Amino acid sequence: MSGSFLRFRAFAKTNLFLEILGKREDGYHDIRSLMVNVDLADTLEFRRIRTDLTLKCDSGDVPSGPGNLCLKAARVLKEYANHRGGAEITLEKSIPVAAGLGGGSSDAACTLVGLSKLWGLSLTEQKLQALGEKIGSDVPFFIRGGAQLVEGRGERLTPVESFPEAWFVLVTPSLRISSGWAYSVVKIGLTKAGHKSKIMIPGAGLDEANVRKTLRNDLESGVIETYPVVHELKDALISSGAIGSLMSGSGPTVFGVARGRTSATAIATRMSRLGLFVSVVRTVRTGWVELSWN
């Protein structure tokens, strides 16, 4: 018999590279990106209620109305399945908002997965990914999770199963950047397709040469023109011991690649003196994990 309560963790992501290949007729952009999940996570609870869809969140930075991606995901799923029941969603935020770490998309993906199970819908991963495309470009990635080569608008996923465990230090300055704005200022004419990354080759390691050849974000230069703090944080991470540094997604979070856990902890200690959000994270092979089912 199905239970009435579910609890999940929804993981953040970083982009080891992000190419913007051009603007599509539908207004979105074609991309090519290596996305990896990291163990910084929000927590979501799903409870059965009669008919409504409601959301409680511990962060005032998260919209609570119709624009909330968790509620949007719940509505899309409820309509698709013609499900009469409702759900109360409780969201505990740990991933910074509008920071380039995919928190909203991860929460939406987790909502699709969690409510599909709570409501006994038995939907396949492929169907959940198709529904995720209606919510946001990054949502399909978070449903599958791990390390993925992401192409198209975000709907074409190729697993990179050989991607090694990696440790990062995340630093988020005190500002928020919408992905829409970041894409609007990208210099598409300067991008080139066909970025090569040895990191995706089985057996390749995370040595300094491979990391520096891999790290690339076509959104970065446009963001830095308005927010030079992003460039300053990249330099600070390198000075603190990172073997490479890059803005994650549409920013403003910057991550440094560490040589291991000990190195990451030392880098984070130095960066914490800036008084910003700093987190040591490692890669995980899933976009979400179920914690409890009652």
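Note: the structure precedes this text.
Residues numbered from 1 in each chain as written. Predicted model: local features only at pLDDT ≥ 70, side-chain atom pairs only at ≥ 80, totals over all residues. Heavy atoms only, no water.

## As for the overall build of the chain
Rules: For the purposes of this entry, the term helix denotes a DSSP run of H or I that reaches at least four residues, the term strand denotes a run of E that reaches at least two, and both are numbered from the N terminus. Relative accessibility under 20% of the residue-type maximum defines a buried residue, over 50% an exposed one, and the middle range a partly exposed one, all with a 1.4 Å probe and only protein chains included. Computed with a 1.4 Å probe, the accessible areas rest on the Shrake-Rupley method; for each residue, only the protein chains presented here act as cover. His residues and chain termini do not enter the charge count, which takes Lys and Arg as positive and Asp and Glu as negative. One atom stands in for each charge, and that atom is NZ of Lys, CZ of Arg, CG of Asp or CD of Glu.
For the chain, the helix and strand inventory stands at 9 helices and 12 strands. Across the 294 residues in the chain, those meeting the buried criterion constitute 53%. Accessible surface, the chain as shown: approximately 12,900 Å² in total, 49% of it carbon and sulfur. In the chain, which carries 36 positive and 29 negative side-chain charges, the distance between the mean positions of the two groups comes to 2 Å.

## As for the layout of surface pockets
Short version of the rule: Whether a set of points on the 1 Å grid over the protein atoms alone is a cavity depends on a 1.4 Å probe fitting there but being unable to get out, while an open set qualifies as a pocket with protein on both sides within 12 Å along at least five of seven lines; lining residues are those with an atom within 4 Å of a point. Grid points are joined across faces, edges and corners, and a volume is the space filled by probe spheres set on the points. The residue classification treats Ala, Val, Leu, Ile, Met, Phe, Trp, Tyr, Cys and Pro as nonpolar and Asp, Glu, Lys and Arg as charged. All others, Gly included, are polar.
Taken as a whole, the largest pocket holds about 1,100 Å³ of empty space. If you go around the largest pocket, you meet 43 residues; those closest to its centre are Leu-69, Ser-105, Asp-138, Ser-179 and Ser-250. Secondary-structure elements contributing two or more residues to the lining of the largest pocket are strand E1 (5-23), strand E2 (29-49), helix H1 (69-81), helix H2 (103-118) and helix H5 (179-184). Counting residues per element, the lining of the largest pocket draws most heavily on H2, which supplies 4 residues. Along the lines of polarity and charge, the residues of the lining of the largest pocket split into 18 nonpolar, 18 polar and 7 charged.

## Some words on the pairing of E1
For clarity, the cut-off: Pairing between two strands requires that DSSP report at least two bridges joining them.
Within E1, 15 of the 19 residues are buried, which leaves the element mostly enclosed by the surrounding structure. Pairing of E1 with E2 involves 17 bridges; the strand directions are antiparallel. Paired with Gly-22 across the two strands is Asp-30, which belongs to E2. Connecting E1 to the next strand, E2, in antiparallel fashion are 5 residues, including Gly-27 with a positive phi near 95°. As paired elements, E1 and strand E12 (residues 288-293) share 5 bridges and run antiparallel to each other. Bridging from a neighbouring strand, Leu-6 pairs with Trp-293 of E12. In the sheet, E1 pairs with strand E8 (residues 216-217) via 2 bridges, with the strands oriented parallel. Residue Leu-18 lies in a different strand from E8, and its bridge partner there is Asn-217.

## Section: the pairing of strand E3 (residues 53-57)
Working note: regular strand, side chains alternate between the two faces of the sheet. Applicable threshold: The path from the first strand over the helix to the second decides the hand: if it runs clockwise while the strands point away from the viewer, the crossover is right-handed.
As defined by bridge partners, E3 adjoins strand E4 (residues 86-92) across 5 bridges and the pair is classed as parallel. In the sheet register, Leu-53 faces E4, and the bridge partner there is Ala-87. Between the parallel elements E3 and E4, the chain passes through H1 in a crossover that is left-handed.

## Quick notes on the packing of H2 against helix H3 (residues 125-133)
The condition that has to hold: The axes are straight lines fitted to the C-alpha atoms, using for helices just the contacting stretch, and the angles between their N-to-C directions are given from 0 to 180°. The labels follow the angle: roughly parallel below 35 degrees, roughly antiparallel above 145, roughly perpendicular from 65 to 115, and oblique for the rest. Take the far helix as the reference: if the near one is turned anticlockwise from it by less than a right angle, the crossing is left-handed, and if turned clockwise, right-handed. What makes two residues a contact is simply this: any of their non-hydrogen atoms within 4.5 Å.
Where H2 contacts H3, the two axes come as close as 10 Å, and the packing angle between them is 130°. The angle between H2 and H3 falls in the class oblique. As H2 packs across H3, the resulting crossing turns out to be right-handed. Each of Leu-112, Val-113 and Ser-116 in H2 lies in contact with H3, whose residues at this interface are Leu-128, Leu-131 and Gly-132. When grouped by side-chain class, the residues that make up the contact of H2 with H3 number 4 nonpolar, 2 polar and no charged.

## Things to note about the pattern of salt bridges
Applied cut-off: Think of a salt bridge as a Lys or Arg side-chain nitrogen and an Asp or Glu carboxyl oxygen that are within 4 Å of each other.
The full count for this structure, using the stated rule, is 16 salt bridges. As a salt-bridge pair, Glu-125 and Arg-144 come within 3.6 Å of each other at their nearest N and O atoms. Highlighted residues: Glu-125 in helix H3 and Arg-144 in helix H4 (residues 139-144), separated in sequence by 19 residues. Accessibility expressed as a relative area gives 34% for Glu-125, which makes it partly exposed. The class for Arg-144 is partly exposed, based on a relative accessible area of 26%. Taken together, the shared-partner salt bridges connect Glu-19, Arg-32, Glu-151, Arg-216 and Asp-218 into one network.

## Observations concerning the side chain of Ser-248
With respect to the helices and strands, the residue Ser-248 is situated in the loop between strand E9 (244-247) and strand E10 (254-258). Not counting the four nearest positions on each side in its chain, Ser-248 is found in contact with Lys-13, Thr-14, Asn-15, Ala-99, Gly-100, Leu-101, Asn-217, Thr-253 and Phe-255.

## Considering the nonpolar core
For the record, the criterion: Buried Ala, Val, Leu, Ile, Met, Phe, Trp, Tyr and Cys residues that are joined via side-chain atoms within 4.5 Å together make up what is termed a nonpolar core.
Core analysis: the biggest nonpolar cluster contains 57 residues, and Leu-44, Phe-46, Leu-112, Leu-115 and Leu-237 have the highest contact counts within it. Top element by residues in this core is H2. It accounts for 7 residues. Beyond its immediate chain neighbours, meaning those up to four positions away, Leu-115 contacts Phe-46, Ala-74, Leu-77 and Ala-87. Membership of the second largest hydrophobic core comes to 23 residues, among which are Leu-34, Val-36, Phe-168 and Leu-170.

These results come straight from atomic positions and should not be treated as a statement about function.
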